[in-house]
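# Structural description and commentary
In case you want the letters, here they are:
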Amino acid sequence: MNRTTLSLIACTVALAAVTGFAAFDPPAASGTSAAGSATERPVERTGLLCPAPSFSDIADTAYTSFTPVTRGADSGGKATLEAAAEQSADGKGGKGGGKKDQAVLTPRPPGTPALGDTSGSDTPALIGTADGKYAPGWTVQETTRIAAGTGRGLQGVTCTPADTDFWFPGASTAKGRTDYVHLTNPDDGAAVVDIKLYGKSGAVKTTVTDGITVPPHSSEPVLLSTLTADAQTDLTVHVGVRSGRVGATVQAQDDAGGGDWLPAAADPAGSLVLPGIPKDATDVRLVAFTPGDDDADLKVRLASPNGSITPAGNETVHVKAGMTSAVDLGPVTRGEPGSLILTPTDKAVPVVAALRVVRGKGSSQETAYIPATAPVGRRATAADNSAKGTTLSLTAPTADATVKVTASAGSDGGSPATKTYTIKSGTSQDIGAPTGGKGTYALTVEPVSGGPVYAARTLTGSSDGVPGFTIQTLPSDRGLVAVPRAEQDLSVLQR
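Here the structure is a predicted model, which is why all the values come from computation and not from measurement.

Reading guide: rules and limits
- The numbers attached to residues start from 1 for each chain and follow its sequence in the written order.
- Under the rules for a predicted model, residues below a pLDDT of 70 receive no local features and side-chain atom pairs below 80 are neither given nor counted, while totals for whole chains, interfaces and linings still include all residues.
- Just so you know, side-chain values use all the structure's heavy atoms and leave hydrogens and water out.
- Disulfides are defined in this document as cysteine sulfur pairs within 2.5 Å.
- Put simply, DSSP marks the helices as runs of H or I at least four residues long and the strands as runs of E at least two long, and each gets a number from the N terminus on.
- For the exposure calls, accessible area comes from a 1.4 Å probe over protein chains only, and a residue counts as buried if that area is under 20% of its type's maximum, exposed if over 50%, partly exposed in between.
- Any two strands with at least two DSSP bridges between them are considered paired.
- Every axis corresponds to a line fitted to the C-alpha atoms, with the helix fit spanning only the stretch in contact, and the corresponding angles, defined between N-to-C directions, vary from 0 to 180 degrees.
- Only buried Ala, Val, Leu, Ile, Met, Phe, Trp, Tyr and Cys residues count toward a nonpolar core, and they belong to the same one when joined by side-chain atoms within 4.5 Å.
- For this analysis, residues touch if any pair of their heavy atoms sits within 4.5 Å.
- A 3.5 Å cut-off defines polar contacts: any pair of N or O atoms within that distance qualifies, except that in protein one atom must be a possible hydrogen donor and the other a possible acceptor, and neighbouring residues in sequence count only when both atoms are side-chain atoms.
- Between Lys or Arg on one side and Asp or Glu on the other, a salt bridge is scored when a side-chain nitrogen of the former is within 4 Å of a carboxyl oxygen of the latter.
- Definitions used throughout: a 1 Å grid over protein atoms alone; a cavity as a set of points that fits a 1.4 Å probe which cannot get out; a pocket as an open set with protein on both sides within 12 Å along at least five of seven lines; a lining residue as one with an atom within 4 Å of a point.
- Grid points are joined across faces, edges and corners, and a volume is the space filled by probe spheres set on the points.
- Any pair of Phe, Tyr and Trp rings, taking the six-membered ring for Trp, is counted once the centres come within 6.5 Å. Such a pair is stacked with planes under 30 degrees apart, edge-to-face with planes over 60 apart, and tilted for the rest.
- Only when the NZ atom of a Lys or the CZ atom of an Arg is both within 6 Å of the ring centre and within 35 degrees of the ring normal do we say a charge sits over the ring.
- How sure the predictor is of each residue is captured by pLDDT, a score from 0 to 100.

## Let's talk about the state of the cysteines
- This model, assessed by the stated rule, comprises one disulfide.
- Between Cys 50 and Cys 159 runs a disulfide, and the two sulfur atoms are separated by 2.0 Å. Where Cys 50 bonds to Cys 159 through sulfur, the torsion about that S-S bond is close to 110°, and the disulfide is right-handed. Taken together, the residues Cys 50 in strand E2 (residues 45–50) and Cys 159 in the loop between strand E9 (153–158) and strand E10 (165–171) connect sequence positions 109 residues apart.
- The exposure class of Cys 50 is buried, given its relative accessible area of 0%.

Written out as structure tokens, the structure reads:
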């Protein structure tokens, strides 16, 4: 009996190291494990999914791949990005072309970014896999410039792992909006996906009742306006997977206000952090939804460089159960960078939320999205940074925190550089990230001590007077996995 139990323990440790997934206590904020519960090992295999970047013929897309140097990682391995079998914009198949067989980029060894680019509307979704030394913290950034038309401006998204449950507050089927849910299936079997929409009055009736099938190794964009005749300014989209796994991301595009990717929000929680609102934001709109049976009442605070403040006239927000609520916060940052912190006024009720952020005015408007995000955890990584046009925002909502930020060597050479910062409790700081490399570089954020840290990275790049920008939050890069300590389990068995 003991022998069987020991075999199961060994199998669990091996599985966690290979897949990067385990259901044990996470490491403490300092990076050490909880006493007697778990230890950390680099993951040995990981996967990423990048959506098809654009349906525009005048789109130019850059890809950046980066793996941070991780102590204890294997010395061998490889990473690849392969084209998914692409579907048409209406989900009936047929989109694609010769570019499917071309490698977008070849990932480079840990510590050095690799670059690739494509152009036009026939760039497919990508399915990436990495093992060995390439796997721990592997990050791929997809950044697209669209010169004109719907969604024009700068659109960026961090490629994500497959999952089975996603929430997207902030989507829309209103006139002038063209929002797609991109579904990518990396596995050998078909995935069956349900898409549910929730508006200001609750669940929205949709035309699809039996689920959407995503064939193996393929990607399918679903236009939200084809799912319902109900035009809704503010929608929450729930993607649930009946069988299999998918990557899911919403591409939100506006005829007049540009557009960007809306990544999945953090899992429903009673308190939320939405980091990285630019100091020159001209309009900020909060969209929130509670999936349970209870209404939620939330305190609204803005963490600024000098402390937390309450936006005048928007001290609290009431979110009715099963209904999408939206609040216009206007130019809430008023010339200073900030992060929004939502906490329960009384009883904690799980909520999902995202921000629609606008820079510029009139015909020069551009839009980006900030979903509520998880803390950095042990380490987070952002690729595709440059000496000009990159801003890193760090937020410590509950306690002072010390954070180490490392800029990698550049795509054109140079050396990594590291700086340490202290973020005061209740503040949000835009920092001047260190630079030691030439060309495009990656940023790695590692909390050293103190409370939890939340992070976001903004890329900017104007074109013809339009202030293009895109924001990516920085949750854990999943480079390390907590696994149980066998000796602790043995001691339990011996009692």
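Here the narrative resumes, following the displayed structure.
## Some points on the sheet that holds strand E4 (residues 79–83)
- In spatial order, the strands read E2-E7-E4; together these three strands make up an open sheet with antiparallel pairing. At either margin of the open sheet sits one strand with a lone partner, and together these are E2 and E4. Across the sheet, the mean angle separating the axes of adjacent strands is 15° when strand polarity is ignored.
- Inspection of the sheet shows E2 paired to strand E7 (residues 126–131) by six bridges, in the antiparallel sense. Paired with Thr 46 across the strands is Ala 130, a residue of E7.

## Observations regarding the nonpolar core
- In terms of nonpolar packing, the biggest core is built from 29 residues, with Leu 274, Ile 277, Leu 286, Leu 340, Leu 342 and Leu 355 touching the most fellow members.
- Residue contacts for Leu 274: discarding those within four places in its chain leaves Ser 339, Leu 340, Leu 342, Ala 353, Ala 354, Leu 355, Ile 370, Pro 371 and Ala 372.
- Within the second largest apolar cluster, 26 residues are counted, among which are Ala 171, Ile 195, Val 222 and Val 241.

## A closer look at the pairing of strand E27 (residues 366–371)
- Within E27, six of the six residues are buried, leaving the element largely enclosed by the surrounding structure.
- Across the two faces of E27 the burial is the same, with Glu 366, Ala 368 and Ile 370 and Thr 367, Tyr 369 and Pro 371 all buried.
- Bridging between strand E26 (residues 352–359) and E27 involves six bridges; their strand directions are antiparallel. Looking at the pairing, Arg 356 lines up with Tyr 369 of E27.
- Linking E26 back to E27 in an antiparallel pair, the connection comprises six residues, with Gly 360 at a positive phi of about 85°.

## Observations concerning the environment of Ser 121
- Its place among the elements puts Ser 121 in the loop between strand E6 (114–119) and E7.
- Counting along the chain gives 68 residues from Ser 121 to Pro 53, while the straight-line C-alpha distance between them is 8.0 Å.
- Looking at Ser 121, its side chain comes within polar contact range of the side chain of Asp 57, at 2.7 Å.

## Describing the pattern of salt bridges
- Scanning the entire structure with this criterion turns up 11 salt bridges.
- One salt bridge connects Arg 378 with Glu 40, and the closest N-O pair in it is separated by 3.4 Å. Here the residue Arg 378 occupies a position in the loop between E27 and strand E28 (380–385), and Glu 40 occupies one in strand E1 (residues 38–42), the gap between them amounting to 338 residues.
- A salt bridge links Arg 245 to Asp 187, with the shortest nitrogen-to-oxygen separation between them at 2.8 Å. Here Arg 245, found in the loop between strand E16 (235–243) and strand E17 (247–254), pairs with Asp 187, found in the loop between strand E11 (177–185) and strand E12 (191–199); they are 58 residues apart in sequence, far enough to count as distant.

## Examining the pairing of strand E3 (residues 59–66)
- Across the eight residues of E3, six count as buried, placing the element largely inside the fold.
- Inspection of the sheet shows E3 paired to strand E8 (residues 139–146) by eight bridges, in the antiparallel sense. What sits directly across from Thr 61, in E8, is Thr 144.
- Relative to E6, E3 runs antiparallel, the two being bridged by six bridges. Along E6, the bridge assignment pairs Ala 62 with Asp 117.

## Notes on the sheet that holds E26
- With antiparallel pairing, the four strands of this open sheet are ordered in space as E24-E20-E26-E27. Each edge of the open sheet is held by one strand with a lone partner, namely strand E24 (324–330) and E27. Going from strand to strand, the sheet's axes swing by 20° on average, the running direction of each strand aside.

## Details of empty space enclosed by the protein
- Applying the stated criterion across every chain, the model contains one cavity of 30 Å³ or more.
- Looking at the largest cavity, its volume works out to about 60 Å³.
- Looking at the largest cavity, the residues that line it are Leu 49, Cys 50, Pro 51, Val 157, Thr 158, Cys 159, Thr 160, His 182, Thr 184, Gly 247, Ala 248 and Thr 249.
- Elements that contribute at least two residues to the lining of the largest cavity include exactly E2, E9, E11 and E17.
- Tallying contributions element by element places E17 first for the lining of the largest cavity, with three residues.

## Looking at the packing of aromatic side chains
- Under the defined criterion, the tally for this structure stands at five aromatic pairs.
- Ring geometry for Trp 167 versus Tyr 198: centroids 6.4 Å apart, planes at 35°, classification tilted. Of the two residues, Trp 167 is situated in strand E10 and Tyr 198 in strand E12; the sequence distance between them amounts to 31 residues.
- According to the relative accessible area criterion, Trp 167 is buried, its value standing at 9%.
- Connected via pairs of aromatic rings, a cluster forms that spans Trp 167, Tyr 198 and Phe 289.
- Against the face of Phe 469 rests Arg 359, its NZ or CZ located 5.0 Å from the ring centre.

## Some details on unusual backbone geometry
- Phi is positive for His 217, which is not a glycine, with a value near 55°.
- Tracing the backbone shows His 217 in the loop between strand E14 (212–214) and strand E15 (218–223).
- Phi angles above zero are rare outside glycine, and Arg 478 is one such case at about 60°.
- Mapped onto the secondary structure, Arg 478 falls in the loop between strand E35 (469–473) and strand E36 (480–484).

## Regarding the confidence of the model for the chain
- Across the chain, the average pLDDT comes to 87, with 86% of residues at 70 or higher.
- Predicted confidence is poor over residues 88–100, with pLDDT under 50, and the contacts of this stretch with residues over four places away or in other chains come to 30 contacts.
- Across residues 490–495, confidence stays below pLDDT 50; counting only partners more than four residues off in sequence or on other chains, it has four contacts.

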